Amino acid sequence: MHGMKKKRVPRTIRDPIAEAIRHAQPMGGKDLTDLRLVELNAIDNLARGDATRRDWEWLADLMNVAEAMAKNGIGTEVVAVAAEAQVTLAKVAVRAKAEGRWHLTTDESWTLREAWEYADLQRLSVTLGEYRLYLKRVADIRRTGANAITAEQLLEQLNDNTV
């Protein structure tokens, strides 16, 4: 009767001391390089017009994390820039829904690049562990749908406020 044993799941072996040290240090090295590469590629893909929804999601996550950090007092000047970038991303999402193509205008491209620079500077001022906590917080909010509005609702609110 030994046929019902649970299979062993191999796990990667990590040094907990090295991981703790890595999480307590400011972001840098491969972690930061990989993030920058993905985010800048997403902006470039959107600017060229051959982006996917995943490229858009990378940038939306970046702006959401930047906003969450700013609201907690880390780089508070990012709030206005992140809000402008989120409006830009909402416009891109609405256009993509209508046209079926993810792309940016020249002005929108510059807006997102400026927002990326602010978010990158903000990210450099925290430790890797702290940044991962903000990533987890934003992922939890997205997963539960708390305070979530669609791109159309965001643009509609902006139009109502400007009239």
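Above this text sits the structure in question.
Residues numbered from 1 in each chain as written. Predicted model: local features only at pLDDT ≥ 70, side-chain atom pairs only at ≥ 80, totals over all residues. Heavy atoms only, no water.

J.: Just give me the short version of the pattern of salt bridges, but keep the residues and values in it.
T.: Under the criterion given, the structure shown has 15 salt bridges. Residue E39 is joined to R123 by a salt bridge in which the shortest nitrogen-to-oxygen separation is 2.9 Å. Here E39, found in helix α2 (residues 29–48), pairs with R123, found in helix α5 (residues 106–124); they are 84 residues apart in sequence, far enough to count as distant. For E39, a relative accessible area of 2% corresponds to the buried category. Take R123: its relative accessible area is 1%, and that puts it in the buried class. Note that E57 and R53 form a salt bridge whose closest N and O atoms lie 3.2 Å from each other. Taken together, the residues E57 and R53, both in helix α3 (residues 53–71) and four residues apart, mark about one turn of the helix. (Salt bridge = Lys/Arg side-chain N within 4 Å of Asp/Glu carboxyl O. Helix = DSSP H or I, 4+ residues; strand = E, 2+ residues; numbered from the N terminus. Buried < 20%, exposed > 50% of the residue type's maximum accessible area, 1.4 Å probe, protein only.)

J.: Summarise the layout of surface pockets; cite the residues concerned and give the values.
T.: Taken as a whole, the largest pocket holds about 1,200 Å³ of empty space. Lining the largest pocket are 31 residues, with N64, Q86, N147, A148 and I149 sitting closest to its centre. For the lining of the largest pocket, the secondary structure elements donating two or more residues are α3, α4 (78–99), α6 (128–144) and α7 (151–162). Sorting elements by how many residues they give to the lining of the largest pocket places α3 first, with 10 residues. Tallied by class, residues from the lining of the largest pocket come to 17 nonpolar, five polar and nine charged. (1 Å grid on protein atoms, 1.4 Å probe; cavity = no way out; pocket = protein on both sides within 12 Å on 5 of 7 lines; lining within 4 Å. Points joined across faces, edges and corners; volume = space filled by probe spheres on them. Nonpolar A, V, L, I, M, F, W, Y, C, P; charged D, E, K, R; others polar.)

J.: Account for the packing of aromatic side chains, with residues named and values stated.
T.: Scanning all chains against the criterion turns up one aromatic pair. Centre to centre, the rings of W56 and W102 are 5.7 Å apart; their planes meet at 40°, and the pair counts as tilted. Residue W56 is found in helix α3, and its partner W102 is found in the loop between α4 and α5; the two are separated by 46 residues along the sequence. W102 matches W56 in its accessibility class, with the two residues each being buried. (Phe/Tyr/Trp six-rings, centres within 6.5 Å; stacked < 30°, edge-to-face > 60°.)

J.: Run through the side chain of H103, naming residues and quoting values.
T.: Counting through the fold element by element, H103 comes out in the loop between α4 and α5. Judged by its relative accessible area of 13%, H103 falls in the buried class. At 2.8 Å, the side chain of H103 forms a polar contact with the side chain of E99. Apart from residues lying up to four places away in sequence, H103 is in contact with L46, G49, V92, R95 and E108. (Polar contact = N/O pair within 3.5 Å; in protein donor to acceptor, adjacent residues only side chain to side chain. Contact = heavy atoms within 4.5 Å.)

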